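Structural characterization, general
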Amino acid sequence: MPLHGQAAVDQLLEILDLKQVDAATFVGESPQTGAQRVFGGQVAGQALVAAGRTVDPSRFVHSLHGYFVRPGDPTEPIQFTVETIRDGRSFSVRRSTAQQHGRTIFFMSASFQVLEEGLDHYLPAPVDVPGPDEIPTMADWVRKYPSRAGIFASSPQAIDVRYVGVPGWVPPGDRDASEQQRVWMRINGTLPDDPLIHACALAYASDLSLLDSVLSAHGEVWGPGGVIGASLDHALWLHRPFRADEWFLYDCTSPSASGSRGLATGRMFTQDGRHIASAVQEGLLRRVGERK
């Protein structure tokens, strides 16, 4: 049976706890779930851990921009090399590169800032959205569609994911088109107080459902009878302090899709409506059976 709750969270923390080889080199492992490639959110979170460990703890990550270059092999360790681009009076910039078999699979630029006071505003959170306790859990959806659950039914459940609408992995025809893809999320246990860990957990979670908003705009689904996809790049901005082990609403839309690519944007809000983060991702999306 896959791990759930704090046991799954503890495993996630182990995955994020990279082995340090030297001042700029780290090694990470992947969970053995039977997946054919490394989950993008995992390698992004690990790359951020590596970058963050080379920065003064008084500086907090506020943005990251990454490119997925090759599929990662979950059976092999991932080596992360961090390059110090700049350490200024207020900002530190790092470049974190993930490699397997001597080839780059992912690279990221991340910026860290000393806390400062300044102008403060944000657009309001969506209204009339049912809370996480009012909508089906992932277990509810798996029971309804066991043959479509796939990796969800066998992977550790470190993140509690609750779709306000219909998930993208239901059978073709069971999902109506919608401009919004809204999901409540939280780490399904307790995290340490280290802000870097919460940022890495949020980076991990931000890749789970973002591209689903591209399919949602067309009423499309993942898998047989639908679409297969892969992340091409991913950007995340962290606006305000937060805890990833508390509920946040991931409000996603897709402004454009063309050329077998789809663009998705997402905003994350706490339950009291604070805008804590924003994400943008482009993905490759092809009909099942089309060329690889």
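Sequence order as written defines residue numbering, which begins from 1 separately in each chain. In view of the model being predicted, local features appear only for residues whose pLDDT reaches at least 70, and side-chain atom pairs are presented and counted only at 80 or more, with totals across whole chains, interfaces and linings using the full set of residues. Values reported for side chains reflect all heavy atoms of the structure, with hydrogen atoms and water molecules removed beforehand.

The protein has the name Acyl-CoA thioesterase 2 in an unreviewed UniProt entry, where Paractinoplanes tereljensis is given as its organism. Under the UniProt heading Sequence similarities (unreviewed entry), the note attached to the protein is "Belongs to the C/M/P thioester hydrolase family." UniProt positions are given in the numbering used here, feature names are shortened, and annotations may be inferred rather than shown by experiment.

To continue, consider the layout of surface pockets. If you roll a probe as big as a water molecule over the atoms, it shows you where there is empty space left. Taken as a whole, the second largest pocket spans an internal volume of roughly 1100 Å³. Helix and strand assignments come from DSSP, with helices taken as H or I runs of at least 4 residues and strands as E runs of at least 2, each series counted from the N terminus. Elements supplying a minimum of two residues to the lining of the second largest pocket: helix H2 (40-52), strand S3 (59-68), strand S6 (103-114) and helix H4 (195-206). Tallying contributions element by element places H4 first for the lining of the second largest pocket, with five residues. Three categories are distinguished: nonpolar for Ala, Val, Leu, Ile, Met, Phe, Trp, Tyr, Cys and Pro, charged for Asp, Glu, Lys and Arg, and polar for the others, with Gly belonging to the last. For the lining of the second largest pocket, the residue count by class is 17 nonpolar, eight polar and ten charged. Think of a 1 Å grid over just the protein atoms. A cavity is a set of points where a 1.4 Å probe fits yet cannot get out, a pocket is an open set with protein on both sides within 12 Å along at least five of seven lines, and lining residues have an atom within 4 Å of a point. Grid points are joined across faces, edges and corners, and a volume is the space filled by probe spheres set on the points.

Let us look at the sheet that holds strand S12 (residues 275-287). Adjacent strands of a sheet form backbone hydrogen bonds with each other and so pair up, either parallel or antiparallel. One open sheet holds the twelve strands; their spatial order is S1-S2-S4-S5-S6-S3-S9-S12-S11-S10-S8-S7, and the pairing between them is antiparallel. The two strands at the open ends of the sheet, each matched to only one other strand, are strand S1 (19-22) and strand S7 (159-163). Going from strand to strand, the sheet's axes swing by 25 degrees on average, the running direction of each strand aside. Here a strand pair is declared whenever DSSP counts at least two bridges between the two strands. Here strand S9 (residues 227-238) runs beside S12; their pairing, made up of eleven bridges, is antiparallel. The residue bridging Ala235 from the neighbouring strand is Val280, located in S12. Here H2 sits on the sheet in contact with strand S2 (25-28), S3, strand S4 (78-87), strand S5 (91-100) and S6, set at roughly 50 degrees to S6. Residues are treated as being in contact if the distance between any of their heavy atoms lies within 4.5 Å. What counts as an axis is a line fitted to C-alpha atoms, over the stretch in contact for a helix, and the angles between N-to-C directions run from 0 to 180 degrees. Where H4 meets the sheet, it contacts S3, S7, strand S8 (181-187), S9, strand S10 (248-258), strand S11 (261-270) and S12, and its direction lies at approximately 150 degrees from that of S9.

Turning our eyes to something else, we now look at the UniProt feature "domain: Acyl-CoA thioesterase 2 C-terminal" (unreviewed entry) in the protein. Following the UniProt record, the feature "domain: Acyl-CoA thioesterase 2 C-terminal" (unreviewed entry) maps to residues 173-284 here. For residues 173-284, the helix share is 15%, the strand share is 45%, and the end-to-end C-alpha distance is 22 Å.

Each aromatic pair joins two rings of Phe, Tyr and Trp (for Trp, the six-membered one) with centres within 6.5 Å, and gets the label stacked for planes under 30 degrees apart, edge-to-face for over 60, and tilted for any other angle. Within the structure shown, the criterion is met by four aromatic pairs. Residues Phe68 and Phe106 carry aromatic rings whose centres are separated by 4.9 Å and whose planes lie at 45 degrees to one another, so their mutual orientation is tilted. One end of the pair, Phe68, is in strand S3; the other, Phe106, is in strand S6, with 38 residues separating them in the sequence. Remark: exposure states derive from per-residue accessible area (1.4 Å probe, protein chains only) relative to the maximum for the residue type, with buried under 20%, exposed over 50%, and partly exposed in between. Residue Phe68 is classed as buried on the basis of its relative accessible area of 16%. Where Trp141 meets Tyr145, the ring centres are 6.4 Å apart and the plane angle is 10 degrees; that geometry is what we call stacked. Here Trp141 matches Tyr145 in class, with each residue buried.

Moving on, we come to the pairing of S1. Here S1 pairs with S2 via three bridges, running antiparallel. Residue Lys19 lies in a different strand from S2, and its bridge partner there is Val27. The antiparallel hairpin formed by S1 and S2 contains two residues in its connecting segment.

We define the nonpolar core as a collection of buried residues of types Ala, Val, Leu, Ile, Met, Phe, Trp, Tyr and Cys that are connected through side-chain atoms lying within 4.5 Å of one another. Among the nonpolar cores identified, the biggest contains 71 residues, and Val43, Leu48, Phe80 and Phe106 are the most heavily contacted of them. Of all the elements, H4 adds the most residues to this core, at nine residues. With residues near it in sequence (within four places) discarded, Val43 still touches Val38, Phe68, Ile78, Phe80, Ala98, Ile105 and Phe106. Counting five residues, the second-largest nonpolar core is a separate cluster that includes Val129, Ile135, Trp184 and Leu249.

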